[in-house]
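A structural walkthrough
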Amino acid sequence: MKIEELSRILRESGVVGAGGAGFPTYAKLSKKADTILMNCAECEPLLKLHRQLLSEHTQEILQAFALIAETVGAKEAIIGIKKEYAGTICAVKEYIHTFPNMRIHELPGAYPMGDEVVLIYETTGKTVRPGGLPIEQGVAVFNVETLYNVYCAVWEQQGVISKYVTVVGEVEHPVTVRVPVGMTVAEVTAMAGHITAADPVYLLGGPMMGNFGTPGQPVTKTTNAVIVLDRQHPLVLKKQSRFTIDVARASSVCCQCETCTDLCPRHNLGHPIRPHLFMRASANRDFRDLEPFLDTMFCSSCGLCEMYSCPQGLKPRSMIAEYKNGLRKEGIRPPERTAKPVRESREYRRVPENRLLGRLGLEKYDVEAPLDDQVRAGQRVKLLLSQHIGAPAKAVVNAGDFVTAGQVVAAAADGLSVNIHAPIAGKVAEVTERYIVFTTVGEV
């Protein structure tokens with residue numbers, strides 16, 4: 001298959017990165033990619049869906065992976081998977097011999113192994129330049145669910161209308177479910193039984209990089225998990241902060257021990273991000289040297305510095321994010337920086353995921369969350385028109401229209417964008433510039 005044809009199929013089918021920021025998958029297809037990677041590192045603690053999905057739909061996912069490799073002319077297709085996912089590795093080994101130039105690379109159980117820059121170095125030895133893109137090193141990365149959606153688009157002619165979500169934490173029966181895109185967080189959480197917290201909060205995504213959501217918030221193409229915690233859980237309290245207080249605390253207690261920098265994954269790969277220098281400069285309002293502030297733009301926001309490294313419980317990641325967002329709003333772009341050599345000590349500064357779980361107080365939630373592969377029914381869904389990086393899709397239906405499941409209801413805009421499809425059959429109840437609401441017949 002030619003790149004142009006596969007790109008068209010993926011754009012029309014609405015396939016985007018099924019996690020992170022939702023980068024449209026068709027835009028990653030390039031003849032410059034001599035290596036493609038499958039990301040099954042399950043970067044964040046407590047997330048289960050990628051290893052489960054690869055075990056359940058091994059042949060289909062490898063088939064899609066091989067198609068991309070053949071289409072772009074990649075010399076090698078590497079499956080990056082943590083070595084402790086033994087069941088998934090066995091499932092892959094059963095089929096991988098039928099796909100030439102494809103191999104497994106077993107990864108250590110450390111965080112943030114799923115970060116693209118870290119994953120690329122671990123599997124290929126290549127270093128992505130600061131602020132650069134993987135394709136500059138001839139690499140393209142796809143996660144497991146994205147590849148399953150590629151399979152559905154090419155072989156089943158099906159757009160992205162459902163999402164796998166792991167529901168864990170303070171719930172009766174942790175589970176990974178497949179739900180219509182646009183279903184509410186509350187409805188998804190209910191599939192895991194009763195909530196066992198007296199005052200629950202909903203963390204959408206992983207415990208390190210996820211954000212708090214509301215029960216009525218809709219699931220999108222990038223929602224990987226719902227972690228239910230009590231409002232007084234230490235992780236919840238730590239993730240709630242005010243910038244002015246964070247700066248005041250840093251000014252009074254940061255001892256410049258440099259642990260935040262020593263354990264920073266990007267710093268250890270030679271990138272110019274040094275959180276301790278930023279903390280010193282920002283806490284003291286010292287703007288004589290702007291490098292510590294400009295270099296915030298190379299931070300991956302993995303959160304290790306404030307969730308694990310800092311012995312004082314300070315907030316380097318949150319403060320860095322505040323400055324980084326401010327620079328972006330002012331139109332300031334990342335400066336040109338050359339990576340230094342990878343640090344020899346890097347191997348000994350990986351953070352084991354089991355120790356991270358302990359530090360976060362989440363060990364008791366690290367339990368089985370079995371995969372329920374049947375698409376759950378939805379009676380009312382709210383479909384956001386911007387679920388991906390790039391221009392929002394444009395609605396092509398009106399209130400009162402009747403639609404079938406999988407029908408295109410919003411067309412890709414000019415530029416970087418993808419189609420969006422109706423996740424359920426029913427009636428269009430509301431259309432705005434931001435979302436479309438659907439109900440099954442008889443619902444209001």
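These numbers were taken from a predicted model, which means no experiment stands behind them.

Turning our attention to helix α3 (residues 58–72). Counted at 1.5 Å a residue, the expected span for α3 with its 15 residues is 21 Å, and the 21 Å between its end C-alpha atoms agrees. The positive-phi residue at the C-terminal boundary of α3 is glycine 73, with phi of around 80 degrees.

Summarising the element assignment, histidine 271 is placed in the loop between α11 (265–268) and α12 (275–283). Since its relative accessible area comes to 3%, histidine 271 is described here as buried. At 2.8 Å, the side chain of histidine 271 forms a polar contact with the backbone oxygen of valine 128. The residues touching histidine 271, leaving out its near neighbours within four places in the chain, are Val117, Val128, Arg129, Pro130 and Arg266.

Quick look at the nonpolar core now. By size, the foremost hydrophobic cluster in this structure holds 46 residues, and its most contacted members are Ile36, Met38, Leu54 and Ile79. Of all the secondary structure elements, the ones that give two or more residues to this core are α1 (3–13), β1 (35–40), α2 (49–56), α3, β2 (76–82), α4 (86–95), β5 (139–143) and α6 (144–155). What leucine 54 contacts, discounting residues up to four positions off in sequence, is Met38, Cys40, Ile61, Ile79, Ile81, Thr88, Val92 and Val144. Core analysis: the second largest hydrophobic core is formed by 23 residues, Cys43, Leu46, Val201 and Leu229 among them.

Another aspect to go through is the side chain of arginine 266. Take arginine 266: it is sitting in helix α11. Classification of arginine 266 as buried rests on a relative accessible area of 14%. A polar contact of 2.9 Å, which involves the side chain of arginine 266, links it to the side chain of aspartate 115. Excluding anything up to four places from it in sequence, arginine 266 contacts Asp115, Val117, His271, Ile273, Phe298 and Ser300.

Here we come to the environment of alanine 197. In this fold, alanine 197 is placed in the loop between α7 (185–190) and β8 (200–204). Each C-alpha atom, one on alanine 197 and one on valine 128, is 43 Å from the other, the two residues being 69 residues apart in sequence. Beyond its immediate sequence surroundings of up to four residues, alanine 197 is in contact with Glu170, Leu229 and Asp230.

Once the charged atoms of two side chains with opposite charge are near each other, the side chains can pair. Applying the stated criterion across every chain yields a total of 22 salt bridges. In this structure, the salt-bridge partner of lysine 126 is aspartate 34, at a minimum N-O distance of 3.4 Å. With lysine 126 in the loop between α5 (116–124) and β5 and aspartate 34 in the loop between α1 and β1, this residue pair connects regions lying 92 residues apart in the sequence. Take lysine 126: its relative accessible area is 23%, and that puts it in the partly exposed class. Taking relative accessible area as the criterion, aspartate 34 reaches 27% and is therefore assigned partly exposed. Linked through salt bridges whose partners overlap, the residues forming this network are Arg274, Glu291, Asp295 and Arg337.

Conventions adopted
- Residues numbered from 1 in each chain as written.
- Predicted model: local features only at pLDDT ≥ 70, side-chain atom pairs only at ≥ 80, totals over all residues.
- Heavy atoms only, no water.
- Helix = DSSP H or I, 4+ residues; strand = E, 2+ residues; numbered from the N terminus.
- Expected span 1.5 Å × (residues − 1).
- Buried < 20%, exposed > 50% of the residue type's maximum accessible area, 1.4 Å probe, protein only.
- Polar contact = N/O pair within 3.5 Å; in protein donor to acceptor, adjacent residues only side chain to side chain.
- Contact = heavy atoms within 4.5 Å.
- Core = buried A, V, L, I, M, F, W, Y, C linked by side-chain atoms within 4.5 Å.
- Salt bridge = Lys/Arg side-chain N within 4 Å of Asp/Glu carboxyl O.

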